[in-house]
Amino acid sequence: MEQQIIEIDRADWRSGNADPAWIAALEAGKVLYFPRLAFGLSASERRFLAPAVRDPKSRNISLDAEGRLKGALGDAVAQAALAAMIGRFRTQAKALIDGLLPQYSGALRLAPTSYRPMKVESRQQSVRADDRRLHVDAFPSRPNRGERILRVFTNLNPDGEARVWRVGEPFETVAGRFLPKAAPYSAWKARALHALHVTKSLRSEYDHLMLQIHDGMKSDPDYQSNAAQVTMPFPAGSSWVCFSDQTSHAVMSGQYMMEQTLHLPVERQYDAASSPLAILTRLCGRPLI
Ligand SMILES: O=C(O)CCC(=O)C(=O)O
Ligand SMILES: [Fe+2]
């Protein structure tokens, strides 16, 4: 398999230069990996590196686009300090993307920033929700009609523990394998799901196929073990970026990570023809949205 991870040696979130080779690699579904790009914590912020900061009732801690902190325990002062820490990561993640991908500037829509203090290995989840299985991201309740899911990750682990991912084969190969097995799209079912508020908007055929691919990958044990893949331990103090709706990925172990999702309209890509929407449309031979 062609190399899926592109290493970039820089230690500054803002020293932006846009390299056409990195841009093409990212838009081809590869992972841009920054081994020396660490998110710095102050001495007092280190107290947030504990699972107990999370409210057990929620899956992650997040800072929404309006700056509201969700899913955290602690008094108002501690919560404000935690919100400031997560907000600083958001600012740095945005600066990194602005520098690397200037054409996206102004078109990115910010999703909540998440802080994940839980140990990956201890999570018990249904097959569909189990991110330890290779998958491309697709969200059942939030159809996106091809809008891209760009993610910036940083490993904050204070004990030097890597966040171990598996990275799989290119999207077109994945699609070639799972599209033939996908259940056909049903417009009336999509309308029913919307009417019942299962989806926040109408699920398009694109959204349906992405979910079918996501579920097909996760529920195929043979695919999980035998598909072309590499294991990638992202060390503590490193960061990485990928289009998670395109890059086949799975998280195997690790603890303490922050993640920023940025949504991008397909037409703002450097090469929109490399998007999952363009690839699936071409493979299906009909419009999907
Ligand atoms: O927790 C992680 O490292 C990644 C999980 C995942 O699949 C994702 O964030 O899309
Ligand atoms: Fe994922």
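Bear in mind the structure is a predicted one, so any value in this text is a computation, not a measurement.

J.: Go over the pairing of strand β9 (residues 239-243) with me, naming the residues and quoting the values.
T.: Counting buried residues along β9, five of its five residues qualify, which places the element largely inside the surrounding structure. By the alternation rule, side chains of β9 split into Ser239, Val241 and Phe243 and Trp240 and Cys242, which are all buried. Sheet topology places strand β2 (residues 31-34) next to β9; three bridges connect them, and they run antiparallel. Residue Phe34 lies in a different strand from β9, and its bridge partner there is Ser239. Across five bridges, the pairing between strand β6 (residues 148-155) and β9 is antiparallel. Each residue of the ladder has a partner; that of Phe153, found in β9, is Trp240.

J.: Describe the sheet that holds strand β1 (residues 5-7), and please don't skip the residues or the numbers.
T.: Here we have eight strands laid out as an open sheet, ordered β1-β2-β9-β6-β11-β5-β3-β4, and mixed in their pairing. The open sheet is flanked by β1 and β4 (69-70), the only strands paired with a single partner. Across eight bridges, the pairing between β6 and strand β11 (residues 257-264) is antiparallel. Each bridged residue has a counterpart across the sheet, and for Ile149 the counterpart in β11 is His263.

J.: Go over the site of ligand 1 with me, naming the residues and quoting the values.
T.: Looking at ligand 1, the residues that line it are Arg116, Asp131, His135, Asp137, Arg151, Phe153, Arg163, Trp165, His249, Val251 and Met257. In this structure, Arg151 approaches ligand 1 through a side-chain N or O atom, which is 2.6 Å from an oxygen atom. Residues that form the shell around ligand 1 fall into these classes: four nonpolar, two polar and five charged.

J.: How would you sum up the packing of helix α3 (residues 171-178) against helix α7 (residues 276-284)? Please name residues and give values.
T.: Helix packing for two helices is described by the angle between their axes and how far apart those axes are. One can describe the packing of α3 onto α7 by two numbers: an axis separation of 10 Å at closest approach and a directional angle of 40 degrees. Our classification of the angle between α3 and α7 gives oblique. Every pair of crossing elements has a handedness; the one defined by α3 and α7 is right-handed. For the pair α3 and α7, contact is made by Phe171, Glu172, Ala175 and Gly176 and by Pro276, Ile279, Leu280, Arg282 and Leu283, respectively. Among the residues forming the contact of α3 with α7, the class breakdown is six nonpolar, one polar and two charged.

J.: Before we move on, can you summarise the packing of aromatic side chains with the specific residues and values?
T.: Throughout the structure, instances matching the rule amount to 11 aromatic pairs. Consider the rings of Phe39 and Phe89, whose centres lie 5.7 Å apart with planes at 90 degrees: the pair is edge-to-face. In this pair, Phe39 sits in the loop between β2 and β3 (61-63) while Phe89 sits in helix α2 (residues 76-100), placing the two residues 50 residues apart along the sequence. For Phe39, a relative accessible area of 7% gives the class buried. Ring pairs connect the aromatic residues Tyr33, Phe153, Trp165, Phe234 and Trp240, which therefore count as one cluster. Sitting over the ring of Phe243, Arg148 keeps its end group 4.1 Å from the ring centre.

Rules used throughout
Residues numbered from 1 in each chain as written. Chains lettered and ligands numbered in written order. Predicted model: local features only at pLDDT ≥ 70, side-chain atom pairs only at ≥ 80, totals over all residues. Heavy atoms only, no water. Buried < 20%, exposed > 50% of the residue type's maximum accessible area, 1.4 Å probe, protein only. Helix = DSSP H or I, 4+ residues; strand = E, 2+ residues; numbered from the N terminus. Pairing = 2+ DSSP bridges. Near = heavy atom within 4 Å. Polar contact = N/O pair within 3.5 Å; in protein donor to acceptor, adjacent residues only side chain to side chain. Nonpolar A, V, L, I, M, F, W, Y, C, P; charged D, E, K, R; others polar. Axes fitted to C-alpha atoms, helices over the stretch in contact; angles between N-to-C directions. Parallel < 35°, antiparallel > 145°, perpendicular 65-115°, else oblique. Left-handed = near helix turned anticlockwise from the far one by under 90°. Contact = heavy atoms within 4.5 Å. Phe/Tyr/Trp six-rings, centres within 6.5 Å; stacked < 30°, edge-to-face > 60°. Lys NZ or Arg CZ within 6 Å of the ring centre and 35° of its normal.

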